[in-house]
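# Overview (structure and organization)
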Number of protein chains: 2
Amino acid sequence: MSTGRKPRAKKAALVWERPEPDRRPAPAPLSREGIVQAAIELADKEGLDSVSLRKVGAALDAGPMRLYGYVATKEELLGLMVDEVYGEMISEGRIRGDWRKALRALAHRMRRAAREHPWFIDLLGGRPHLGPNSLAHLEASLAALSDTPGFEDIDAVMLAVMTVNAYVIGAIRTEVSELRAELQSGRNKAEWQTATGPYLQRMIATGDFPTLDKVLRDATHPSLDIVFDKGLECVLDGIAARLLR
Amino acid sequence: MSTGRKPRAKKAALVWERPEPDRRPAPAPLSREGIVQAAIELADKEGLDSVSLRKVGAALDAGPMRLYGYVATKEELLGLMVDEVYGEMISEGRIRGDWRKALRALAHRMRRAAREHPWFIDLLGGRPHLGPNSLAHLEASLAALSDTPGFEDIDAVMLAVMTVNAYVIGAIRTEVSELRAELQSGRNKAEWQTATGPYLQRMIATGDFPTLDKVLRDATHPSLDIVFDKGLECVLDGIAARLLR
DNA sequence: GTATTTGTCGATACAGTGTATCGGCGAAGG
DNA sequence: CCTTCGCCGATACACTGTATCGACAAATAC
């Protein structure tokens, strides 16, 4: 095509109108580590939905496309975030003690991590985690067990770790969902109960949920920590029972 | 403002250019149930990401905003989808048998539902589920236990149900993630293994993951069904152990 | 030294998303 | 028949992830 196209619209013809050669704030070092850090900070502060390539880029004085040099896709960035949290879990130190202590420690580490990064549990299980820290975490888990007596069989080790892991993930997921519900509709637990209370009471008043009614009326409602630990001990008991068989 | 604004640009002045009075394909009955059904069909077929208000609307010959009469937000639609699946689970019939049979049945129902609707597990735990079917499912679970001997204490019932639920959710989540990984990168399990294999082998060759190495080499790798059931029995054993104490 | 090639980088563009807004239309009321 | 009201849904907006490709800088060739 020969129709003379203008060189570029944005550049004013006169120097006086061009402010400066577009002042680069810095060569913008930028690194995968830095990007992941910024993304995590954003997710912690504003929630996972706020992690967009634009916002992460902006936090680093860069445009969205700049990140694509370090990450092929947003999925990959999320994967790196997950691996980073695994890294934090590992850095808490070696797991020691008998198998029960070890599994308990692993469970609590994960729970703590999920509390500090509420988005973590949402990302878990999206895709398998093959990052170095994930692998290291898995290795640490398996190693902690395979050293202890009663776990000579590698299949038993695998079963124990996977079962506890499944419980932990499910339990944390439920917890986080409850916490979010509280945080969302107002501020404290009381407000949430008064918000959903009427609806629930109306439902229960139908008489279709007698057992649920009994639970809400008679059951002691322990703190989340206690519920988590009780369930965990339950699972551990199950593993113990299988060991002796 | 008095500047004569044009009546409407889209309407051609001549009748011949206006095709028809915009032929309504039908008064478009439209109902919450229908919308949810369409959304579920879409999610089953094309994945959860494809569930957009526009596409759901299109499936019902309606614009996006039409749906907002039946649903205040997309979140609400997703909530309805979840409740619908709970409904399917309930409709499989009453839970019967001793507590172990009952819990096993509940677990397998959920797993089956998650297989038919792979998006289900992703939505679980986002927010608490207070829909009628969710409540009915919970009621059925609690009722199935509170009838059986050994579960007079309502707290014990709650603990057992919640623990099994946590395990099931976590286990299914892990499973689905593995399945997705296989389906994604090619077609069958072999292809996936040859895709990620080299990377894993290189990682293991570093010698940093000896136990993981042993697992990959020595462990029998049972089918997903067997793994799930073994873990489940493990948890059930734990509950049994607590019952006798 | 200049001319040409090359390769990278990021602004722009695009096809989507969820949802707020408000003009136009049908129905109700005088 | 005219007016008024309410509601519905087309349009618009702000935002997303990412493909594209022109412009610039460094490297190479002469």
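Predicted model only: the values in this text are computed from it and were never measured.

Conventions used here
Every chain's residues receive numbers from 1 upward, in the order its sequence appears when written. For naming, the first written chain is A and the first written ligand is 1, with later ones following in the order written. Note on the predicted model: pLDDT of at least 70 is required for a residue's local features to be given, and 80 or more for side-chain atom pairs to be given and counted; whole-chain, interface and lining totals, by contrast, use all residues. With hydrogens and water excluded, all non-hydrogen atoms of the structure serve as input to the side-chain values. Note on conventions: DSSP H or I runs of at least 4 residues are helices, E runs of at least 2 residues are strands, and numbering of each starts at the N terminus. Each residue is assigned to one of three classes by its accessible area relative to the maximum for its type, calculated with a 1.4 Å probe on protein chains only: buried under 20%, partly exposed between the two thresholds, exposed over 50%. The contact definition used throughout considers only heavy atoms, calling two residues in contact when any of these lie within 4.5 Å. For accessible areas, the Shrake-Rupley method is used with a probe of radius 1.4 Å. Any residue's cover is judged against the shown protein chains and nothing else. Our superposition of the copies is a least-squares fit, built on the C-alpha atoms of residues whose pLDDT is at least 70 in both. Lining residues are those with an atom within 4 Å of a point, where the points come from a 1 Å grid over the protein atoms alone and group into cavities, where a 1.4 Å probe fits but cannot get out, or pockets, open sets with protein on both sides within 12 Å along at least five of seven lines. Grid points are joined across faces, edges and corners, and a volume is the space filled by probe spheres set on the points. Residue classes follow a fixed rule: Ala, Val, Leu, Ile, Met, Phe, Trp, Tyr, Cys and Pro count as nonpolar, while Asp, Glu, Lys and Arg count as charged, and any other residue, Gly among them, counts as polar. Angular values range over 0 to 180 degrees, each being the angle between N-to-C directions of two axes fitted as lines to C-alpha atoms, with helices fitted over their stretch in contact. With respect to orientation, any angle under 35 degrees is reported as roughly parallel, any angle over 145 as roughly antiparallel, any angle of 65 to 115 as roughly perpendicular, and every other angle as oblique. Should the near helix be turned anticlockwise from the far one by less than a right angle, the crossing is left-handed, and should it be turned clockwise, the crossing is right-handed. The criterion for a residue being near a molecule or strand is simple. One of its heavy atoms has to lie within 4 Å of it. Throughout this description, a polar contact denotes any pair of N or O atoms lying within 3.5 Å of each other; where both atoms belong to protein, one of them has to be capable of donating a hydrogen while the other can accept it, and for residues adjacent in sequence the pair is counted only when both atoms sit in side chains. Simply put, the buried area is the total loss of 1.4 Å probe accessible area from both parts when two parts are fitted together. In the sections that follow, a salt bridge refers to a side-chain nitrogen of Lys or Arg positioned within 4 Å of a carboxyl oxygen of Asp or Glu. In plain words, nonpolar cores are sets of buried Ala, Val, Leu, Ile, Met, Phe, Trp, Tyr and Cys residues tied together by side-chain atoms within 4.5 Å. One less than the number of residues in a helix, times 1.5 Å, gives the span that helix is expected to have.

What follows deals with the overall build of chain A. Each helix and strand in chain A was counted, giving ten helices and zero strands. Taking all 245 residues of chain A together, the buried fraction comes to 40%. Considering only contacts within chain A whose residues lie at least 6 apart along the sequence, 70% involve residues at least 24 apart. When the accessible area of chain A is evaluated, it comes to approximately 14,200 Å², of which 54% is carbon and sulfur surface.

Least-squares fitting of chain A to chain B yields an RMSD of 0.0 Å, with the transformation described by 0.0 Å of translation along the axis and a rotation of 180°. Expressed as an axis order, the relation between the two copies is that of a two-fold axis. A shared binding surface is used by both copies, with 100% of the interface residues of chain A retained as interface residues in chain B.

Bringing empty space enclosed by the protein into the picture now. All names here are of chain A. Evaluation of the coordinates by the stated rule reveals two cavities of 30 Å³ or more. Contributing to the lining of the largest cavity are M89, L103, L106, A107, M110, H137, S141, V161, V164, N165 and V168. Residues of the lining of the largest cavity, tallied by class, amount to eight nonpolar, three polar and no charged. Along its surface, the second largest cavity is lined by R111, A114, R115, I172, E175 and V176. Contributions of two or more residues to the lining of the second largest cavity are made by helix 4 (99-116) and helix 7 (154-184). Looking at side-chain class alone, the lining of the second largest cavity contains three nonpolar, no polar and three charged residues.

All names here are of chain B. At a minimum axis separation of 10 Å, helix 3 (residues 74-90) and helix 4 (residues 99-116) run at an interaxial angle of 130°. By the angle between their directions, the pair helix 3 and helix 4 is classed as oblique. Considering the relative orientation of helix 3 and helix 4, their crossing is right-handed. Contacts between helix 3 and helix 4 involve V85, Y86, E88, M89 and I90 from the former and R109, M110, A113 and E116 from the latter. Its residues assigned to classes, the contact of helix 3 with helix 4 shows six nonpolar, no polar and three charged.

Attention now moves to the protein's contact with DNA strand C. Neighbouring DNA strand C are 14 residues; R66(A), S52(B), R54(B), Y68(B) and T73(B) lie closest to it. The contact atoms of DNA strand C, taken as those within 4 Å of the protein, divide so that sugar and phosphate hold 49%. Interatomic distance of 2.8 Å between a side-chain N/O atom of S52(B) and a phosphate oxygen of DNA strand C. A distance of 3.0 Å separates a phosphate oxygen of DNA strand C from a polar backbone atom of L53(B). Tallying contributions element by element places helix 2 (residues 53-59) of chain B first for the surface near DNA strand C, with three residues. Split by residue class, the surface near DNA strand C holds six nonpolar, two polar and six charged.

The subject of this paragraph is the interface of chain A and chain B. Contacts between the two partners involve 58 residues from chain A, matched on the other side by 58 residues from chain B. Buried surface at the junction of chain A and chain B, summed over both partners, amounts to about 4,900 Å²; 69% is from carbon and sulfur atoms. Looking only at chain A, the three residues that lose the most surface to chain B are E139(A), I154(A) and R173(A), adding up to 12% of its buried area. Counting across the chain A and chain B interface gives two salt bridges. Across the salt bridge formed by D237(B) and R242(A), the nearest N and O atoms sit 3.3 Å from each other. Secondary-structure elements contributing two or more residues to the side of chain A that touches chain B are helix 5 (120-123), helix 6 (132-146), helix 7, helix 8 (189-205), helix 9 (210-218) and helix 10 (224-244) of chain A. Looking at the side of chain A that touches chain B element by element, the count peaks at 16 residues for helix 7 of chain A. Split by residue class, the side of chain A that touches chain B holds 30 nonpolar, 14 polar and 14 charged.

Another point: the protein's contact with DNA strand D. Taken together, 15 residues lie near DNA strand D, and R54(A), Y68(A), T73(A), M65(B) and R66(B) sit nearest. Within 4 Å of the protein, atoms of DNA strand D come from sugar and phosphate in 51% of cases. Take L53(A): an N or O atom from its main chain is 3.0 Å from a phosphate oxygen of DNA strand D. The contact in question runs from a phosphate oxygen of DNA strand D to an N or O atom on the side chain of R66(B), over 3.0 Å. Of the residues contributing to the surface near DNA strand D, the split by class is six nonpolar, two polar and seven charged.

In this structure, M81(A), I239(A), M81(B) and I239(B) are the most contacted members of the largest nonpolar core, which totals 128 residues. Excluding residues within four positions of it along the chain, M81(A) makes contact with V36(A), A39(A), I40(A), A43(A) and W119(A).

Residue and element names in this part refer to chain A. The end-to-end C-alpha distance of helix 3 (residues 74-90) is 25 Å, a good match for the 24 Å that 17 residues give at a rise of 1.5 Å each. Of the residues making up helix 3, those classed as buried are L77, L78, M81, V82, D83, V85, Y86, G87 and M89. Where helix 3 is buried, its residues contact helix 1 (32-46), helix 2 (53-59), helix 4, helix 5 and helix 6.

This brings us to helix 6 of chain A. Between the first and last C-alpha of helix 6 of chain A there are 21 Å, a value that for 15 residues agrees with the 21 Å anticipated at 1.5 Å per step. When helix 6 of chain A is considered as a whole, its buried residues turn out to be S134(A), L135(A), H137(A), E139(A), S141(A), L142(A), A143(A), A144(A) and L145(A).

Packed helices, taken two at a time, are described by the angle between their axes plus the distance between the axes. Residues and elements named next belong to chain B. Between helix 4 and helix 10 (residues 224-244), whose axes approach to 11 Å, the crossing angle comes to 145°. Classified by chirality, the crossing of helix 10 by helix 4 is right-handed. Across from W99, R100, L103, R104, A107, H108, R111 and R115 in helix 4, the residues of helix 10 making contact are L224, D225, F228, D229, L232, E233, L236, D237, I239, A240 and L243. Of the residues assigned to the contact of helix 4 with helix 10, the class counts are ten nonpolar, one polar and eight charged.

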